[in-house]
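Residue-level listing of the chains:
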Amino acid sequence: MTERKSPTAVLTEGPRALTDEQVREIEESDLQAVLDVDIDDVIEYVHRDLKSLPDFTTLYRKYLKQRWDVYDLDFTQDKIDWNEKMSADERESFIAISSGFHHGERQVEIELPVFMIGASEEEKLHIAAQIEDEARHTVFFDRFYREVVGMEGDDIMGVLDASFPWVSETFVGPFGLLAYQADELRRNPYDERARVRYGTTYFLWIEGVLALSVMKVTLSYARWRGFLPAYYTGFTATCRDESRHVQGGMKYLQDAVRKDPTMINEIHETLRTILSLAGVASRRIYFEPLGWTEDEVTVLFFQQLRRKLNDVGIDLAPDIEEMLQFVQPQLAGG
Amino acid sequence: MAEPRFFSKEWADAVRDAVVAGPSPQVREGKLQEYWDFFELIKSQYPASWAIGCRDLPPELGESPAYLLVQWGGGTVTGCQIIGPDDPLDATYVLGMDYADWKALHDGYDAQRTVMYRKVLLEEGSLLEFFKTIYFFVESLAVIGAVPAVYPALVPG
């Protein structure tokens, strides 16, 4: 980790042009080498293939090469950084942000299996891989909270219970909606309209907008300060996994709209519900200790959403454009 | 005064009073004013009704499934009653919940997680419309769960 750019530099830099060598570095780095990969390059890499989305078999083959062992991470230095180098304000801001991810990863792991039932055989391979990814991410946060933050619990749920007080009340908006949409699919897994609504919440909003934005905030802080190397390594590898998830999810939505253009209405209706909740915050989170302001995080949200929609070719209705003006950062992801 | 039994008429009356009053000052204190402004805005305009069921009431409390029907209009509760399995059920949103989860909510389990972990499920009604006001529902569910009542112990197995 030699680069020490400001965490928010990417907001003014605009989209990066990745060289073939940088792409190779992102795609082929083993877990240890991920420590040297720039998180902004990985986020750029997420968007690189959105205009010509890879098929599901290609994404599955990438998964086989990119999967990593969460138990290979050594959190010893992270624990030292957390307890001896980070200030109380930095720790409080960090945990307020990462707890949404701690719970979010668990949610996106358990809500995904029902979506697989109605998928094509090739997509099933990709979704099966994604479920394993999400399980690994859940273990990653469980280890981080136990070994670095020092939270205790008899099992995974015990640690989730311990971090829940940091989860915002507005978490139930996108993640409760996803849980109920998963239940809708459980009852009728082949309902294509319900699948598109589910896919909008899961792939476009939670993974494409919330997750990538929040990843960027904590990871750029860790890179900027040179802290938490195992967190940086594991979560950047998680971001690389997310690139496959977002690409697969965007491919699903793009194919669904191409096959039946009226499916855009399902995307719009879902966004109307999500955005009607996204203008409200229940807690004030202080981003400043991590090098961000709330306005900058909001800009990051917009960038993430716009790039997904533009690259995949999804237009928004005028009333949704208006709703976007009131969006506030939701500190969660999966 | 003795506490009413869960899912009795007296309990439904107490639920009505509690839901009209809304979350306590202690609960409100922990969250931003803008969140409560949004809550009050929804409450002032909410035109719908909830039938929140209990699928497996203990036999001494009545037959199952029974529902707590909460009807909203003009910024207040216009009706709050228990609907038995043989009574006609007419609600905008019908939700189902097991007795164990009702009891857990009463014992302090978080209302947000009750929704997120699907311990209460939407069985009828528009999902996307329901979620536009989910914060209002979750806060109200917490209030309902906290209403003092006699909840029989769970029977193992």
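Quick look at the structure, then. The structure presented is a predicted model; accordingly, all values stated were derived computationally and were not measured.

**What to know about the overall build of chain A**
Now for step 1: Each helix and strand counted, chain A has 16 helices and 0 strands in total.
Now for step 2: For a compact globule of 334 residues, the expected C-alpha radius of gyration is about 20 Å, and chain A comes in at 19 Å, within 12% of that figure.
Now for step 3: Counting only C-alpha atoms, chain A reaches 55 × 45 × 40 Å along its principal axes.
Now for step 4: Relative to its full complement of 334 residues, chain A shows a buried share of 51%.

**Quick look at the packing of helix α12 (residues 192-225) of chain A against helix α13 (residues 229-259) of chain A**
Residues and elements named next belong to chain A.
Now for step 1: Remark: α12 packs on α13, axes separated minimally by 9 Å, with the N-to-C direction vectors making an angle of 155°. One finds that α12 runs roughly antiparallel with respect to α13. Helix-helix and strand crossings are classified by hand; for α12 and α13 the assignment is left-handed.
Now for step 2: Counted by class, the contact of α12 with α13 contains 18 nonpolar, 6 polar and 4 charged residues.

**Things to note about the nonpolar core**
Now for step 1: With 133 residues, the main nonpolar core has V217 and L253 of chain A together with V15, L68, V70, L95 and V138 of chain B as its most contacted residues.
Now for step 2: When residues of this core are assigned to their parent elements, the largest contribution, 18 residues, is made by α12 of chain A.
Now for step 3: When near neighbours in sequence (up to four residues on either side) are disregarded, V15 of chain B contacts L68, C80, I144 and V147 of chain B.

**Regarding the sheet that holds strand β3 (residues 76-83) of chain B**
All names here are of chain B.
Now for step 1: Taking strand neighbours across the sheet as the criterion, the 5 strands line up as β3-β2-β1-β4-β5 in an open arrangement whose pairing is mixed. At either margin of the open sheet sits one strand with a lone partner, and together these are β3 and β5 (120-124). Pairs of neighbouring strands in the sheet enclose a mean axial angle of 25°, with direction left out of account.
Now for step 2: Two strands pair when backbone bridges link them, and strand β1 (residues 49-54) and strand β4 (residues 93-97) are joined in this way by 3 bridges, in the parallel orientation. When the bridges of β4 are listed, A51 appears paired with V94.

**Observations regarding the interface of chain A and chain B**
Now for step 1: Between chain A and chain B, the residue contacts involve 24 residues of the former and 18 residues of the latter.
Now for step 2: Within the residue set of the side of chain A that touches chain B, elements represented by two or more residues are α11 (172-187) and α14 (263-277) of chain A.
Now for step 3: Considering every element that reaches the side of chain A that touches chain B, the biggest residue donor is α11 of chain A, with 10 residues.
Now for step 4: When grouped by side-chain class, the residues that make up the side of chain A that touches chain B number 9 nonpolar, 9 polar and 6 charged.

**Observations regarding the environment of I95 of chain A**
Residue and element names in this part refer to chain A.
Now for step 1: Structurally, I95 is set in helix α7 (residues 88-110).
Now for step 2: I95 sits in the partly exposed class, given 18 other C-beta atoms within 10 Å.
Now for step 3: Contacts of I95, omitting those with residues within four sequence positions, involve V149 and W166.

**Brief notes about unusual backbone geometry**
Residue and element names in this part refer to chain B.
Now for step 1: With an omega dihedral of -5°, the bond running from S64 to P65 counts as a cis peptide bond.
Now for step 2: With respect to the secondary-structure elements, P65 resides in the loop between β1 and β2 (66-73).
Now for step 3: The backbone phi angle of F7 is positive, close to 65°, even though this residue is not glycine.
Now for step 4: In this structure, F7 sits in the segment before α1 (9-21).
Now for step 5: With a phi angle near 60°, R118 is a residue other than glycine that sits in the positive phi range.
Now for step 6: Mapped onto the elements of the fold, R118 is located in the loop between α5 (111-116) and β5.

**Describing the environment of E92 of chain A**
Now for step 1: Here E92 of chain A shows up in helix α7.
Now for step 2: Between the C-alpha atoms of E92 of chain A and V246 of chain A, which are 154 residues apart in sequence, the distance is 29 Å.

**Details of α13 of chain A**
Now for step 1: Between its first and last C-alpha, α13 of chain A extends 45 Å over 31 residues, near the 45 Å set by a 1.5 Å rise per residue.
Now for step 2: Along α13 of chain A, 25 of the 31 residues are buried, which leaves the element largely enclosed by surrounding structure.

The rules behind these values
Residues numbered from 1 in each chain as written. Chains lettered and ligands numbered in written order. Predicted model: local features only at pLDDT ≥ 70, side-chain atom pairs only at ≥ 80, totals over all residues. Helix = DSSP H or I, 4+ residues; strand = E, 2+ residues; numbered from the N terminus. Rg over C-alpha atoms; globule rule 2.2 N^0.38 Å. Buried ≥ 20, exposed ≤ 12 C-beta atoms within 10 Å, placed from the backbone. Axes fitted to C-alpha atoms, helices over the stretch in contact; angles between N-to-C directions. Parallel < 35°, antiparallel > 145°, perpendicular 65-115°, else oblique. Left-handed = near helix turned anticlockwise from the far one by under 90°. Nonpolar A, V, L, I, M, F, W, Y, C, P; charged D, E, K, R; others polar. Core = buried A, V, L, I, M, F, W, Y, C linked by C-beta atoms within 7 Å. Contact = placed C-beta atoms within 7 Å. Pairing = 2+ DSSP bridges. Expected span 1.5 Å × (residues − 1).

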